[in-house]
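# Overview (structure and organization)
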Amino acid sequence: RKWQTDYLQDTEITQIILGLSTAFLIIAAIIFDGGLQGFTIAFGPLVMLFVTALLYVVDIFFINYGFNHVPVITANNILNLELVFALVLAFVFYHEVPTLLEFVG
C-alpha cells in the first residue's frame, strides 16, 4: 500500500481487484477444469455465489481501507496474526488437527 498513490480511492482499487480476480478465475476454470461443462443455473448456488462475491468485495475494501489508515508496523502484525487465527478457526469450526509443520510455521 505504501507504493500506491492517492490517485485511486479504496473503492476503485477494490473494483479493479475484483475485476482482475474474476477474469483470472474464469481463465483458470477454462484451462484447468476443461471449461464450464455441466453448468446449470440453480437458485441456491447462484445466491451463495452472489453472497460470497459481496463478502469478498467488502473484505477487499476493508483491507485497502485498513492499509491506508493503519501504520505499517501494525498492519504487518495484523497480517502475521491472520495465519494464527486461520489455524485456530480451522480447529474450532472444522475440527482439523494442526500438524507439526503448521505449528512450526
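Each value, and the rule that gives it
Residues numbered from 1 in each chain as written. Predicted model: local features only at pLDDT ≥ 70, side-chain atom pairs only at ≥ 80, totals over all residues. Heavy atoms only, no water. Helix = DSSP H or I, 4+ residues; strand = E, 2+ residues; numbered from the N terminus. Buried < 20%, exposed > 50% of the residue type's maximum accessible area, 1.4 Å probe, protein only. Contact = heavy atoms within 4.5 Å. Patch = residues over 30% accessible without salt bridge, like charges linked within 9 Å, V, L, I, M, F, W, Y side chains within 5 Å. Areas by Shrake-Rupley, 256 points an atom, 1.4 Å probe, with all protein chains shown as cover. Salt bridge = Lys/Arg side-chain N within 4 Å of Asp/Glu carboxyl O. Expected span 1.5 Å × (residues − 1). Phe/Tyr/Trp six-rings, centres within 6.5 Å; stacked < 30°, edge-to-face > 60°.

Looking only at helices and strands, the protein chain has 4 helices and 0 strands in total. If you list the helices and strands of the protein chain from N to C, you get α-α-α-α. Burial status across the protein chain gives 10% buried among its 105 residues. Counting contacts in the protein chain only where the partners sit at least 6 residues apart, residues at least 24 apart contribute 59% of the total.

Turning our eyes to something else, we now look at a nonpolar patch on the surface. A contiguous nonpolar surface patch, about 1100 Å² in accessible area, is contributed by Leu81, Val84, Phe85, Val88, Leu89, Phe91, Val92, Phe93, Tyr94 and Val97. Mapped onto the fold, Val84 is located in helix α3 (residues 72-94).

So, on to unusual backbone geometry. A positive phi angle is found at His95, which is not glycine, with a value near 55°. When you line up the elements, His95 lands in the loop between α3 and α4 (100-104). With a relative accessible area of 64%, His95 lands in the exposed category.

Attention shifts here to helix α2 (residues 43-69). Taking 1.5 Å as the rise per residue, α2 with 27 residues should run 39 Å; its terminal C-alpha atoms sit 39 Å apart, in good agreement. Buried residues of α2: Ile60, Asn64 and Gly66, and no others.

When you line up the elements, Ile13 lands in helix α1 (residues 10-33). Among the residues examined, Ile13 registers a relative accessible area of 9% and is labelled buried. Residues Ile13 and Tyr65, 52 residues apart in the sequence, show an inter-C-alpha distance of 10.0 Å.

It is worth spelling out the packing of aromatic side chains at this point. For the structure shown, the criterion picks out 2 aromatic pairs. Ring geometry for Phe61 and Tyr65: centres 6.3 Å apart, planes at 25°, overall stacked. Of the two residues, Phe61 and Tyr65 both sit in helix α2, 4 residues apart, roughly one turn of that helix. Judged by relative accessible area, which is 27%, Phe61 ranks as partly exposed. Ring pairs connect the aromatic residues Phe61, Phe62 and Tyr65, which therefore count as one cluster.

The next subject is α3. End to end, α3 covers 32 Å across 23 residues, agreeing with the expected 33 Å (1.5 Å per residue, within 8%). Just past α3, the residue His95 takes up positive phi, approximately 55°.

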